[in-house]
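Observations on the three-dimensional arrangement
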Amino acid sequence: FALSRDEFPVDTHVLRITKMLKWVPGTSTREGAYECLNAMVPNDVKMDLHCLLVKHGKHCYRCAANGKPQFPPKDRSKFVCPLRLPLIAVPDVVKSEF
């Protein structure tokens, strides 16, 4: 990833959000989510999507662990999470492989 490899790393933020979006099964481990997401996310968006999900997970009250973001808005406002509804559902056929 950091060496411009076509990889989609899965950290706690990415795992939590992709489970919420149902891109991976709710029982997925980081390793299982890594395999699933690397297979389905196009190489040309892996880095940008990973960075977007990590940043979002650190700032959003809804998507942060325990509803406590690491970096809440400075004005203490709670913005409406754009991920409040699943945007893209992954077919069960793909998820069952992982």
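Calculation criteria
Here the residue numbers are simple positions, counted from 1 along each chain's written sequence. The predicted origin of the model limits local features to residues at a pLDDT of at least 70 and limits the giving and counting of side-chain atom pairs to 80 or more, whereas totals for whole chains, interfaces and linings rest on all residues. Excluding hydrogens and water, the side-chain figures rest on all heavy atoms present in the structure. Secondary structure follows DSSP: runs of H or I at least 4 residues long count as helices, runs of E at least 2 residues long count as strands, and numbering of each begins at the N terminus. Remark: exposure states derive from per-residue accessible area (1.4 Å probe, protein chains only) relative to the maximum for the residue type, with buried under 20%, exposed over 50%, and partly exposed in between. For this analysis, residues touch if any pair of their heavy atoms sits within 4.5 Å. The term nonpolar core refers to a set of buried residues drawn from Ala, Val, Leu, Ile, Met, Phe, Trp, Tyr and Cys, joined through side-chain atoms within 4.5 Å. Per-residue confidence from the predictor is reported as pLDDT, a score between 0 and 100.

1. A short note on the overall build of the protein
Each helix and strand counted, the protein has four helices and zero strands in total. Split into buried and exposed, the 98 residues of the protein put 33% on the buried side. Counting contacts in the protein only where the partners sit at least 6 residues apart, residues at least 24 apart contribute 57% of the total.

2. Overview of the nonpolar core
Side chains that are nonpolar tend, in soluble globular proteins, to be buried together. Counting residues in hydrophobic clusters, the biggest one holds 19 residues, and the most contacted among them are Phe8, Val10, Val14, Leu37 and Leu53. If you list the elements that add at least two residues to this core, you get helix 1 (12–20), helix 2 (30–40) and helix 3 (46–59). Aside from chain neighbours lying at most four places away, what touches Val14 is Phe8, Pro9, Leu37, His50, Leu53 and Val54.

3. Side note on the environment of Ser28
Relative to the elements of secondary structure, Ser28 occurs in the loop between helix 1 and helix 2. When the C-alpha atoms of Ser28 and Thr18 are compared, they prove to be 9.9 Å apart, with ten residues separating the residues in sequence. Each residue touching Ser28, except ones within four places of it in the same chain, is listed here: Leu15, Lys19 and Ala33.

4. Notes on unusual backbone geometry
Trans is the prevailing form of peptide bonds, just as negative phi is the prevailing case for residues other than glycine. Positive phi, normally seen in glycine, also occurs at Lys22, with a value near 65°. With respect to the helices, strands and loops of the structure, Lys22 is situated in the loop between helix 1 and helix 2. Its identity is not glycine, yet Asn66 carries a phi of approximately 60°, on the positive side. Considering the arrangement of structural elements, one finds Asn66 in the loop between helix 3 and helix 4 (92–96).

5. Quick look at the confidence of the model for the protein
In this model, the protein carries a mean pLDDT of 82, and residues with pLDDT of at least 70 account for 80%. Ranking the elements of the protein by mean pLDDT puts helix 4 last, at 50, and helix 2 first, at 95.

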